[in-house]
Amino acid sequence: MSTDGQPLHFALNGTEVSVADRNGLSLLEALRDQLGVRSVKDGCSPQGQCGCCTVLVDGQPRVACVTPVRRIAGRSVTTLEGLPGARQWAEALCATGGSQCGFCTPGIIVRLAGVRQRKGALDAATTRDALKAHLCRCTGWQTIVEAAVAPPTPRPDRDLDAASARATLEGGVGQTVAAEVALGAGGFADDTAPPDALVAVRDPRGSWAVGETLAEARVAAGKVQGRRTTAEARPPIDLPEGDFDLTLQTSWVDPGYLETDASWCGPGGEPVTPLANGGAFGGKAGSEVAEVARRLADRHGRPVRVLWSREDVARSAPKRPPVAAGVQTDGSGVIAVARTPLIADTIAAVAPDLEIREVDVVGPPTSAALRGACWAEAAVLLHAAGDPEAPLRSPTNAEAWATFDGETIEVRVRCGRPLDEVVLRSFCMGAAHMGYSWVTSESLTVDDHGEVLDLTVRSLGIVRAVDTPHIEVEIQDDDGPPVNGSDAVFAAVAAAVWRQRGLPPSWPTG
């Protein structure tokens, strides 16, 4: 046992190292901030709920963000960098589409490799069970399971530039497809910060506490650990008056991205974008962190890392606007939506016969930039009230068909030239998982003062691997210009799941 501030020794990937144990230092902070190991990611610390910081301690998986570093004195820690076969895991995930942004996959690789070492070959049930400790918002889980159970041989002729182009179309910002991405090397903002950078975190007053380390900054900010409320979420907007064939109410929904908002900047420089290898489903389009990093770097005359906590994301990142709507089978009706810039135009693009009413609602910020924000709700309503055999068409003119029988989600998609079927399939699977999860289990509890009460990443209701239905994706031949297809799949699957559940008037359906 060390005393505070004294050096503590352990083996890291076979090499003896020492760290200074101050302020109740976590193993995650020691690895990233003192030892420069950036494969371990911080998606929720210190909640211990996302699995992105998983390492092996004496061969056993451990979530580093809730492990005090003093507990591993004299022990052996293995990260992705010291894991035998890590490259083969990455190649397999790239070959199946089991990694998109690459933020969660280093921790997943470490855990699955540890399970395989103890149990031998992995089967689907064992893999899904191991993934209970993790969250992945991008892939829909199934492609990860495929890479673990029956890793395919990478194709030497695969055009990764074309794959990256498809990923960029689906994600909305520049995105790279390569084995290195699965190893966490996608260029995330906080991974590229210089080791001597100051760290800035938000305090309860909305100001910024600055320290030499993340631990010091959090102490200065008086960070309080977030909790999950026991109160029930409820739709905040009343249904419009009238006799409608179909009605729907929703609550706020968090986009659920795992890399919390981060940026850094040097004095007089340009801040690093918080949009690294993926678009966070539109959730970071207006993030404040880059401009704050610029301002603080100029003030302090040193590079500054600006980091949101998971609680900051829960409270302040934009949410899916809640709606309350009623429609007729002829496509007419009314949709009331939380007042949000550009949201009316977004809805009108797919539902020109709906009357759109923007209403003031006390709650967290909302955004029209989120995946399918409110055009998906309108399209789902019209599709569910109409012909279930018809395609659901997105604003990009992609078409998707989906069915759900309670066990399997079947998807067909047409969205121009595929460019890379592995990537397109992966994004469509991820969209199918998101659509299923959205309808069945996702919402946020917000109190009467507009404060978000669900502050943990598990509070978001994202469906786990063990609870996700099997997903089949068929990509239809199309030689037209490539367009985003996964957003159409997201909405089509939501409509199919809602229909299978009997069209209850509010989401989540449970």
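Here the structure is shown first, and the text comes after it.
Because the structure is a prediction, the values reported are computed rather than measured.

(A) Molecular detail of the overall build of the chain. Across its full length, the chain holds 14 helices and 17 strands. Taking 2.2 N^0.38 as the reference for a compact globule, 510 residues should give roughly 24 Å; the C-alpha atoms of the chain span a radius of gyration of 23 Å, in line with that estimate. For the chain, the spread of C-alpha atoms along the principal axes amounts to about 70 × 50 × 45 Å. Counting every position in the chain, which comprises 510 residues, the buried fraction comes to 58%. For the chain, restricting intrachain contacts to residue pairs at least 6 apart in sequence, the fraction spanning at least 24 positions comes to 71%. Element-wise, carbon and sulfur atoms account for 49% of the exposed surface of the chain, whose accessible area totals about 19,600 Å².

(B) The sheet that holds strand 8 (residues 246–249), seen in detail. Pairing within the open sheet is mixed, and its four strands lie in the order 8-11-12-13. Looking at strand neighbours, the two that pair on one side only are strand 8 and strand 13 (354–359), the edges of this open sheet. The sheet shows a mean angle of 10 degrees between the axes of neighbouring strands, direction not considered. One ladder, built from four bridges, connects strand 8 with strand 11 (residues 323–327); its direction is antiparallel.

(C) Just the pairing of strand 3 (residues 54–57), in detail. Of the two faces of strand 3, the one holding T54 and L56 and the one holding V55 and V57 are both buried throughout. Note: strand 3 against strand 4 (residues 60–63), four bridges, orientation antiparallel. Paired with V55 across the strands is R62, a residue of strand 4. Counted between consecutive antiparallel strands, the loop separating strand 3 from strand 4 contains two residues, among which D58 sits at a positive phi close to 50 degrees.

(D) Region of the structure containing helix 9 (residues 289–300). Its twelve residues place the ends of helix 9 16 Å apart at the C-alpha level, agreeing with the 16 Å of an ideal helix rising 1.5 Å per residue. Listing the buried residues of helix 9 in full gives V289, A290, V292, A293, L296 and A297. The arc that holds every buried residue of helix 9, seen down its axis, measures 155 degrees, which confines them to one face. Close packing links the buried residues of helix 9 with strand 6 (198–202), strand 7 (208–211), strand 9 (262–265) and strand 10 (304–307). In the segment just after helix 9, G301 is the residue with positive phi, at about 70 degrees.

(E) Spatial organisation of the side chain of T340. Looking at the element boundaries, T340 is found in the loop between strand 12 (333–338) and helix 11 (343–348). Excluding residues that lie within four positions of it along the chain, T340 makes contacts with P321, E358, T366, S367 and A368.

(F) The sheet that holds strand 17 (residues 470–475), seen in detail. The strand order across the open sheet built from four strands is 14-15-16-17, with neighbouring strands paired in mixed fashion. On the outer flanks of this sheet lie strand 14 (392–393) and strand 17, each paired with one strand and no other. Bridge count between strand 15 (residues 399–404) and strand 16 (residues 408–414): six bridges; the pairing is antiparallel. Directly across from A400, in strand 16, lies its bridge partner V413.

(G) Representation of the environment of D330. Examined against the element boundaries, D330 turns out to sit in the loop between strand 11 and strand 12. The class for D330 is exposed, based on a relative accessible area of 58%. A sequence separation of 169 residues divides D330 from D161, and the C-alpha atoms of the two residues are 44 Å apart. A polar side-chain atom of D330 sits 2.6 Å from a polar atom in the side chain of S332.

(H) Quick look at the packing of helix 2 (residues 86–96) against helix 3 (residues 105–119). Direction vectors running N to C along helix 2 and helix 3 enclose 115 degrees, while the axes themselves pass 11 Å from each other. Of the two possible hands of crossing, helix 2 and helix 3 adopt the one that is right-handed. Packed against helix 2, whose contacting residues are W89, A90 and L93, the element helix 3 presents T105, I109, L112, A113 and R116 at the interface. Looking at the contact of helix 2 with helix 3 residue by residue, the classes come out as six nonpolar, one polar and one charged.

(I) Focus on the nonpolar core. Among the nonpolar cores identified, the biggest contains 121 residues, and V306, V489 and W498 are the most heavily contacted of them. At eleven residues, the largest contribution of residues to this core is made by helix 14 (residues 486–500). The residues touching V489, leaving out its near neighbours within four places in the chain, are A400, V411, V413, C428, A431 and A432.

Parameters at a glance
Residues numbered from 1 in each chain as written. Predicted model: local features only at pLDDT ≥ 70, side-chain atom pairs only at ≥ 80, totals over all residues. Heavy atoms only, no water. Helix = DSSP H or I, 4+ residues; strand = E, 2+ residues; numbered from the N terminus. Rg over C-alpha atoms; globule rule 2.2 N^0.38 Å. Buried < 20%, exposed > 50% of the residue type's maximum accessible area, 1.4 Å probe, protein only. Contact = heavy atoms within 4.5 Å. Areas by Shrake-Rupley, 256 points an atom, 1.4 Å probe, with all protein chains shown as cover. Pairing = 2+ DSSP bridges. Axes fitted to C-alpha atoms, helices over the stretch in contact; angles between N-to-C directions. Expected span 1.5 Å × (residues − 1). Arc of directions from axis to C-beta. Polar contact = N/O pair within 3.5 Å; in protein donor to acceptor, adjacent residues only side chain to side chain. Left-handed = near helix turned anticlockwise from the far one by under 90°. Nonpolar A, V, L, I, M, F, W, Y, C, P; charged D, E, K, R; others polar. Core = buried A, V, L, I, M, F, W, Y, C linked by side-chain atoms within 4.5 Å.

Nothing here speaks to function; it is geometry throughout.
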